[in-house]
Structures are given as C-alpha cells and as structure tokens.
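Structural description and commentary
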Amino acid sequence: MSESRRPDRRFVYCLLCKQAFDNLAKHLKRGCMKNSTEAERHKALDEAKKSQREWTKVGRRWEHTEIASLVKNHEDRRAVIDCLKSKGFFVVNDPSERSSEKERELLSHATPWMQDVTAKLKAGSMLPGQSMTLFRYVCMAILSVVYHKSFPSVANFKTVDWVARQQGTDGVTVQFGDGSEACTLTTEQEEWFDAYFVCIRPLALQRQAEEVDDKGCFFLGQTGGPIANVQSDLGRLWQHCQQISQSSGPSIDDPQTSGESSHTSVLKRPAPDVFEKFIKEFPITLDGLPPTKQMRLSAGYKHRSVYDKWRAEQRKQRQRYIISQCSRREPTMERVASLVTRNKWDTNSPNYEEIHKAWVLAQKKAIEEDPKILKAVTEQTWKGLDIKDFGERKGKGVIATMPFSKGEVVCDYHGRIIPASEGKTLMDDLEEGVMCYLFFFKGKDGGSLCIDAQTFPCQCHPLKDTFGRRMNHSRKQFNVKPVHCQLQSPDGPRDTVIFLASRDIKVSEELLWDYGVRKTSFRGEGLNLDWLDT
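Residues numbered from 1 in each chain as written. Predicted model: local features only at pLDDT ≥ 70, side-chain atom pairs only at ≥ 80, totals over all residues. Heavy atoms only, no water.

With respect to the overall build of the chain
The following threshold applies: Put simply, DSSP marks the helices as runs of H or I at least four residues long and the strands as runs of E at least two long, and each gets a number from the N terminus on. Buried, partly exposed and exposed residues are distinguished by accessible area as a fraction of the type maximum, computed with a 1.4 Å probe on protein chains only: under 20%, between the cut-offs, and over 50%, respectively. Contacts are assigned to residue pairs with any non-hydrogen atoms lying within 4.5 Å of each other. For accessible areas, the Shrake-Rupley method is used with a probe of radius 1.4 Å. Any residue's cover is judged against the shown protein chains and nothing else.
Scanning the chain from N- to C-terminus turns up 21 helices and 17 strands. Taking all 534 residues of the chain together, the buried fraction comes to 40%. Intrachain contacts of the chain at a sequence separation of at least 6 include 62% that bridge at least 24 residues. With an accessible surface of roughly 30,900 Å², the chain has 51% of that area assigned to carbon and sulfur atoms.

What follows is the structure, encoded as structure tokens:
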C-alpha cells in the first residue's frame, strides 16, 4: 500500500476550505493559495498545524453532560460515547467510569442499615447527626452509582422533581430539571428517599440561617444550603465504608455471632442516642421530678448534660401545656402564675416571658416588626414550600417540605396593593371560567383594599411563581388562615396578608385555606361548583 493510502496517515485541516489533507503544503500551493507568495503559504501552513495541535488538546474533549443533552436515551448515549472513545476522543465526567465495582458492592452492603434507619425515622426516633448525614450520602450515591447521574445533576436535584415523581409498576420515575435522563427508583429506594425528604431534610431547613437559600434543592447540607461538593461527600462515604469493612467486626457475609443480627452491614448501625436511652429509663412527664444525681450515676450516666436536657425538654412540655390553656386569648401574667400554682410546679416552671414569646396565636405584632418576615415578603424567599401539579382536575397547589407548627408564619398573599374599586373592575373584566386571584380586605384605617395577584407575574418578581396565589381552597379541611398585618418597612407601613398555620402541618401535606366563597355566593352562580363547600 502506498504511503498516501495508509489508513493511519496524519491529516491537517486547511483553515480556508475546511478540508483535510495529508499534504497541506502541496494543497495550498496548487489550490487555496496558488496566487499567494511562498511566505504567505508558509504562514498559513504554520497556523493550520497550530490549530491542529490545539484541537488535539481541546477539540477531542467532550463533557458527558453535553452528550447527555444531545442524546437522551441511555443506551444510544452509551453507544455514541463508546464510538467517540474508539476514535480517540475523550469523554470527561462519565458517571459510568466513576462507578467502580467496589463502590457498587459497598452500596449494596448498606441496604440492611438503610432499612433499619428508615424504620427508626418512620417511628419518630431521634438519630445522631452522623447517621442522618450518612443516610443522605447513601441516597446521593444511589443516584450517582446506580443511575449514573453526574455530580451536578445530584447537587441540583430539586424537590419539585421529587414531588412530581410518577408511580409505575416497577417503582417511581423521577424526571430531572437539568434535562438529563429520568431514572426509575425501586419501591424500597423510594421509601428511603421519602424518609430523607420527610424526616431529615426539614431539620436542615430549620437550622437554615436567614442568609442561606436552599434554592429548592432536594439534598441539603448541615447549614440548610445546597450541597457544595457531591464528589467530596461521596468520597467520605466510601472512606467510611472501607474503614468499617476493614475492621475486625462482623461483615454482612459473616454468620450470626455473639447475638449480632446476620444483617450487620458495612455501615454500622447507629449507636442508640444517649439521651434517647436516658429518657427511656427516666421518662419525661409534665408533673414528674427529674432523676437525682445518685439515680443518674447508678444508671451509668456520668455526664450532667443528659440531666440538663431532661429538664429543658420538660420545661418545653410545660410551656406547650400552658399555651394550650390560653388558645383563645393572650396569656396574662396572672393566668400563667395561676396555672403554675395549680399544677404545683415549684421548680423548672416556665415564666410569663417565655410563655408570651412562645404563644403562636398572638404574634401579629411580632410579625409586623420582624425583619426576617419583611425580607421574606420583599424577596419572596419563603422556605419549606413547593408547588405541585395535582393534575388536570385540581391544577397546581402548594405542599409543605418542612413541618409547620400551629400559628407559625407560612407565607404571604403576594401582589400589588390597589383600591378595592380597582380590584372589582378587574374582577368584572375577567372572562367566564377564568380563576380570580384578587384578595379583598379592610385596611387598619377601615378603607377597602385589594391584593392584585391576577397580574402575573408581578413586576417585582418577574421570574417567580409566588406561593400564596397557588394555594387551593377548602372550607372544611383548611390548615392555614390569612391575617392582615402592617409590616414596618423602611418606606413606612406595608399592608400585607400573611398566612398562619391554623394547625400543625406535616411534610408533603397540601396547604389549603378557606376562600370564604360558597356555592350560594354571587346570587347562586356557583351552585354547580361542589368543591367550594368541601
């Protein structure tokens, strides 16, 4: 075979005609630059060779996410990647290359531990922080190792994607907002993810500082913010697993020994929380006395911290009891003293200041002066909420992604404040069957006002779908109620309608409020709308 016909001969691309040649100098002389000088052709040849070297370094490099955005099907994408690699291209951040057999083996050994922790979470048990962190690590590893999701996809996995999961015969299908391929979790994996969503993630939200924004991410770090480095977190998981597997303790393959369950996993079962054990021996009751020092030492608890925590938890119980006795009226100093005396709480009794601060139903003044609430209203950064599509019949609604206590601020009904007369004009102009997002209320001076959430999106937040306007109606099963407040802003009092939890709200529960409209409203025009009276 002649030299010019060898299949492994080197080509150089002409930058003028964009064609490949094994002898570019000859092509330039006879073709693209036949009327140019020798020096000009030599310069063009050098530039072409330089371009070729740059392509060798950069042009052969493909990001896996780039290929995934072009080829959605996993099998087709795998074939494209294999073809590119066979031709000398490089595919970086390919999840399949990260998922070693060792990692898969360690992950499979974690199954009994995950089952154990999930059962404890569902039972309401208190778990050490390290156990909850490891639980999150394993959930992240499932997406990365089992379903080949890239680190950015894992970090940017959103709660709205989880809420919108679709049930199937083999499990649940989860779509990813970044456009990457959907994955179908097994029924057991869904149970683990939901345990994290319901029991662990809300704790991170409650720890969240005012300046931290979770950005709707499913996985949250200790401070309540998005995961900064998925690769580092998984690295800590594998390191932890390897240390346990290399220890002298029983492994998952060992037979049952020394009374240990044969389900002992590479991940150690979480050691029972010391305080959890303590309160099993010395239950916390409303009227009980704390264990004495001698009782505590005899039971093997040398540190005073469990005793102090016991008293703190009992004090909280007593606070809740007094508040429950003042559910309709603001507690007074005399009322609190009377309840303390009646129950003979000579020690560890909450004082009036504590009760008044904790009284969640009489917090209107506190709301109006709270800079955090003003910031949440101004920036629309309410946490613990997500919008869910309930289907064609019901449409979109709002669910809780963290628990809310009775009387706690949930969000506001957001929109521009206009005179009630202008609001009625907007309502009259609506076409029949169009949903009305107008909230009429009385201002502090007695004037009639209206919040216009019909104009959507609002001018101050053009990229946000605000929560208040998305909440659905329920006459009998509402769990939030609107309260008119005047927030103290730098520009003066700001009329705002705040939603407060009318009872305790659980994670994944839909938020509902009573619109105040019945089937008989509007001269009976809604008689065919049965949902108004539900």
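Structure's up, so let's keep going.
A word on the side chain of R470
Heads up, the condition is: What qualifies as a polar contact is a pair of N or O atoms within 3.5 Å, subject to a donor-acceptor requirement within protein and to the restriction that residues adjacent in sequence count only when both atoms come from side chains.
Looking at where R470 falls in the secondary structure, it is placed in the loop between strand 13 (448-452) and strand 14 (472-473). One polar contact links R470 to D465, side chain to side chain, over a distance of 3.0 Å. When neighbours within four sequence positions are excluded, R470 is seen to be in contact with I387, K396, G397, V398, Y437 and D465.

Examining the sheet that holds strand 15 (residues 480-489)
We apply this condition: Following DSSP output, two strands are said to pair if at least two bridges run between them. Between N-to-C directions, angles cover 0 to 180 degrees, with each direction set by a line fitted to C-alpha atoms, over the stretch in contact for helices.
Taken in spatial order, the 3 strands of this open sheet run 10-16-15, and their pairing is antiparallel. Bordering the open sheet on either side are strand 10 (409-412) and strand 15, each of which pairs with just one other strand. The sheet shows a mean angle of 40 degrees between the axes of neighbouring strands, direction not considered. Two strands pair when backbone bridges link them, and strand 15 and strand 16 (residues 492-501) are joined in this way by 10 bridges, in the antiparallel orientation. Each bridged residue has a counterpart across the sheet, and for Q488 the counterpart in strand 16 is P493.

Points about the nonpolar core
Applied cut-off: By convention a nonpolar core is built from buried Ala, Val, Leu, Ile, Met, Phe, Trp, Tyr and Cys residues, the set being connected through side-chain atoms within 4.5 Å.
With 86 residues, the main nonpolar core has F135, F193, F219, W382 and V410 as its most contacted residues. Sorting elements by how many residues they give to this core places helix 8 (residues 129-146) first, with 11 residues. In terms of nonpolar packing, the next biggest core, distinct from the first, is built from 9 residues, C326, V340, I355 and W359 among them.

A short note on the pattern of salt bridges
Operational definition: In the sections that follow, a salt bridge refers to a side-chain nitrogen of Lys or Arg positioned within 4 Å of a carboxyl oxygen of Asp or Glu.
Applying the stated criterion to the full structure yields 17 salt bridges. R165 is paired through a salt bridge with E190; the nearest N and O atoms lie 3.1 Å apart. Taken together, the residues span a long stretch of sequence, with R165 in the loop between helix 10 (159-163) and strand 5 (166-167) and E190 in helix 11 (residues 187-207) at a distance of 25 residues. Given a relative accessible area of 13%, E190 falls into the buried group. Among the salt bridges present, the one from D465 reaches R469, with a minimum N-O distance of 3.9 Å. For R469, a relative accessible area of 7% gives the class buried. Because the salt bridges share partners, they merge into one network encompassing R136, D233 and R236.

A look at the environment of C139
Take C139: it is sitting in helix 8. Using a relative accessible area of 0% as the deciding quantity, one classes C139 as buried. When the C-alpha atoms of C139 and W192 are compared, they prove to be 7.4 Å apart, with 53 residues separating the residues in sequence.

Some remarks on the packing of helix 8 against helix 11
Stated precisely, the cut-off is as follows: Geometric relationships in this document are graded by angle, where less than 35 degrees denotes roughly parallel, more than 145 denotes roughly antiparallel, 65 to 115 denotes roughly perpendicular, and other angles denote oblique. Should the near helix be turned anticlockwise from the far one by less than a right angle, the crossing is termed left-handed; should it be turned clockwise, right-handed. Residue polarity follows a fixed list, in which Ala, Val, Leu, Ile, Met, Phe, Trp, Tyr, Cys and Pro are nonpolar, Asp, Glu, Lys and Arg are charged, and the others, Gly among them, are polar.
In the contact formed by helix 8 and helix 11, the axes pass within 10 Å of each other and the chain directions differ by 135 degrees. Comparing their axes, helix 11 and helix 8 come out oblique. The handedness of the crossing between helix 8 and helix 11 is left-handed. The residues of helix 11 that touch helix 8, namely those facing M132, F135, R136, C139, I142 and L143, are Q189, W192, F193, A195, Y196, I200 and L203. Looking at side-chain class alone, the contact of helix 8 with helix 11 contains 11 nonpolar, 1 polar and 1 charged residues.

Quick notes on the packing of helix 7 (residues 111-122) against helix 8
Across the interface, helix 7 lies against helix 8 with an axial gap of 11 Å and an inter-helix angle of 125 degrees. By the angle between their directions, the pair helix 7 and helix 8 is classed as oblique. The two elements helix 7 and helix 8 cross, and the hand of that crossing is left-handed. Contact residues: W113, M114, V117, T118 and L121 in helix 7; S131, L134, F135, V138 and C139 in helix 8. Here the contact of helix 7 with helix 8 is composed, by residue class, of 8 nonpolar, 2 polar and no charged.

Focus: the side chain of Q380
Within the secondary structure, Q380 is located in the loop between helix 19 (371-379) and strand 8 (385-389). Excluding anything up to four places from it in sequence, Q380 contacts K375, D412, H414, H461, K464 and T466.

Quick look at the pairing of strand 15
Counting buried positions along strand 15 gives 7 out of 10 residues, so the element sits mostly inside the fold. Joining the antiparallel neighbours strand 15 and strand 16 is a turn of 2 residues.

Details of helix 15 (residues 305-324)
Keep this limit in mind: Expected span, for any helix, means 1.5 Å times one less than how many residues it has.
The terminal C-alpha atoms of helix 15, which comprises 20 residues, lie 29 Å apart, in line with the 28 Å expected from a rise of 1.5 Å per residue. Buried-residue contacts for helix 15 involve helix 13 (274-281), helix 14 (293-298), helix 16 (333-342) and helix 17 (352-358).

Some points on the packing of aromatic side chains
For any two aromatic rings, the description comes down to two numbers: the centre-to-centre distance and the angle of the planes. How we decide: When the centres of two rings from Phe, Tyr and Trp lie within 6.5 Å, Trp using its six-membered ring, the rings pair. Their planes under 30 degrees apart give stacked, over 60 give edge-to-face, and anything left gives tilted. Look at NZ for Lys and CZ for Arg. If either is within 6 Å of the ring centre and within 35 degrees of the ring normal, a charge sits over the ring.
Evaluation of the coordinates by the stated rule reveals 22 aromatic pairs. Among the aromatic residues, those joined into a ring-pair cluster are F157, W162, F176, F193, Y196, F197, F218 and F219. Taking the ring centre of F176 as reference, the NZ or CZ of K149 above it sits at 4.1 Å. Between the NZ or CZ atom of R165 and the centre of the ring of W162, over which it lies, the distance is 4.1 Å.

So, the confidence of the model for the chain
We count it as follows: pLDDT is a residue-level measure of predictor confidence that goes from 0 to 100.
Per-residue confidence for the chain gives a mean pLDDT of 82; residues scoring 70 or more make up 86%. Taken together, the stretch residues 1-5 has pLDDT below 50 and engages in 5 contacts with residues farther than four places along the chain or on a different chain. Long-range and interchain partners of residues 248-266, a stretch whose pLDDT sits below 50, account for 23 contacts in this model, where long-range means more than four residues apart.

Quick word on the sheet that holds strand 5
Judged by pairing direction, the sheet is antiparallel, and its 3 strands sit side by side in the order 5-6-7 without closing on themselves. With one partner strand each, in any of the chains shown, strand 5 and strand 7 (183-185) form the two edges of the open sheet. Along the sheet face, helix 11 touches strand 5, strand 6 (172-174) and strand 7 and points at about 90 degrees away from the line of strand 7.

Notes on unusual backbone geometry
Cis geometry marks the peptide bond from F456 to P457, where omega comes out at -5 degrees. With respect to the helices and strands, P457 occurs in the loop between strand 13 and strand 14. Of note in this structure, Q380 is not a glycine but carries a positive phi near 55 degrees. Here S508, not a glycine, exhibits a phi torsion of approximately 80 degrees, which is positive. In this fold, S508 is placed in the loop between strand 16 and strand 17 (512-513).

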